[in-house]
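What follows is the residue order along each chain.
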Amino acid sequence: MNRRDFMRLSAVSLGAGALIQFVPNLAQAEGIIRHLRHRNGEAPSPFSFVQLSDTHVGFNGPPDPLGTAAFEHAVDVINALDPQPDLVLFTGDLTHDSEDSAEHAKRMRTFRDIASRLRVKTRHHVPGEHDAALDGGTLFRENFGETHYSFDHRGVHFIGIDNVSQGRPIAGNEQIAWLKRDVARYSHSTPVVVFTHRPLFDLKPEWEWFTSDGDDVMRVLAPFDAVTVLYGHIHRENHMTHANAQHHASPSLIFGFPDPSVAEKKPLPFDKDHPFNNLGAVEITSRQLSGTEGIQQLLREVTL
């Protein structure tokens, strides 16, 4: 059986972020499951997690006068889910930067205070340029630990990539060498989920929507059967499949940017009658989840 028959990754819009469900085909993949259990010590099993991105705590003004309202709304929506997701992944720009280090530290504390209201206690973060470019990631590390790292959850290997803290859109040779060592431990049939801030391909370089050595990162992951990259930064939904990898962007929780086909990078206007327009993520066929009645849910199936 092929990898598409083995595992499906699907996501539902919460109006505030993406609830992503990992559903391996356990009934038809006994051989793959036995192999992964032997190789990794853990066989794949169904679970869900949430991606949130670009909360920009500390930003307040045009085009969004609501400050942290969308972020706090996202927390309320996630807390209403039944069952609760296993994890929450934040893909950068947790805060809006400030040249005043004390102010930036205050914004980071505000982010942590709001995030701590989540019922989901397992949360993972990577920095955006607003979190880490000015100080090389020092404040981020003080609050969350390393800017790049990996972990395993229910048979899936998660990798956090830092492509911002050098003050430019780059992962860097040292981190790529670390990545090679990290993935060398795993069978190529192991599902991999990468979460990062900037896209790992040239989406719109003139808008800074790229990572200069993103191709080098993806070459390290090329031998793996199924790779999914989750990113933020572009403040809008975007989906791309290339070779063995799918790339999915979650819109921001502060304001949206236009489609990259347009000429000008200008934030989308605020709609006071629909304040959360262009925020969150929109993915997969329509359905209801317990605890989320009244929230628009547009689903679109994506396969690994």
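Residues numbered from 1 in each chain as written. Predicted model: local features only at pLDDT ≥ 70, side-chain atom pairs only at ≥ 80, totals over all residues. Heavy atoms only, no water.

(A) A look at the side chain of Gln175. Tracing the backbone through its elements, the reader meets Gln175 in helix α7 (residues 173-183). Using a relative accessible area of 5% as the deciding quantity, one classes Gln175 as buried. (Helix = DSSP H or I, 4+ residues; strand = E, 2+ residues; numbered from the N terminus. Buried < 20%, exposed > 50% of the residue type's maximum accessible area, 1.4 Å probe, protein only.)

(B) Structural view of the environment of Leu19. Mapped onto the fold, Leu19 is located in strand β2 (residues 18-24). Between the C-alpha atom of Leu19 and that of Ile78, which follows or precedes it by 59 residues, the distance is 8.6 Å.

(C) Highlighting the environment of Arg117. Inspection of the secondary structure puts Arg117 in the loop between α4 (101-115) and β5 (123-126). Judged by its relative accessible area of 43%, Arg117 is partly exposed. Along the chain, Arg117 and Glu72 lie 45 residues apart, while their C-alpha atoms are 8.9 Å from each other. Arg117 has contacts with Glu72, Val75 and Asn79, leaving out every residue within four places of it along the chain. (Contact = heavy atoms within 4.5 Å.)

(D) Region of interest: the pattern of salt bridges. By the definition in use, this model includes 10 salt bridges. In this structure, Asp113 engages Arg117 in a salt bridge whose closest nitrogen and oxygen atoms are separated by 3.0 Å. Using a relative accessible area of 42% as the deciding quantity, one classes Asp113 as partly exposed. Across the pair Lys272 and Asp273 runs a salt bridge whose closest N-O atoms are separated by 3.6 Å. Just as Lys272 is exposed, Asp273 falls in that class too. (Salt bridge = Lys/Arg side-chain N within 4 Å of Asp/Glu carboxyl O.)

(E) The nonpolar core, seen in detail. Grouped together as the largest cluster of nonpolar side chains are 21 residues, with contacts concentrated most on Leu52, Phe71, Ile78, Val88, Phe90 and Phe111. Secondary-structure elements contributing two or more residues to this core are β3 (47-52), α3 (69-79), β4 (87-91) and α4. Among the elements that make up this core, the one with the highest residue count is α3 (5 residues). In this structure, Ala171, Ile176, Trp178 and Leu179 belong to the second largest nonpolar core, which totals 19 residues. (Core = buried A, V, L, I, M, F, W, Y, C linked by side-chain atoms within 4.5 Å.)

(F) Broad picture of empty space enclosed by the protein. This structure, assessed with the given rule, holds 4 cavities of 30 Å³ or more. If you go around the largest cavity, you meet 14 residues; those closest to its centre are Phe255, Pro269, Phe270, Pro275 and Asn277. For the lining of the largest cavity, a count of residues per class yields 8 nonpolar, 4 polar and 2 charged. (1 Å grid on protein atoms, 1.4 Å probe; cavity = no way out; pocket = protein on both sides within 12 Å on 5 of 7 lines; lining within 4 Å. Points joined across faces, edges and corners; volume = space filled by probe spheres on them. Nonpolar A, V, L, I, M, F, W, Y, C, P; charged D, E, K, R; others polar.)

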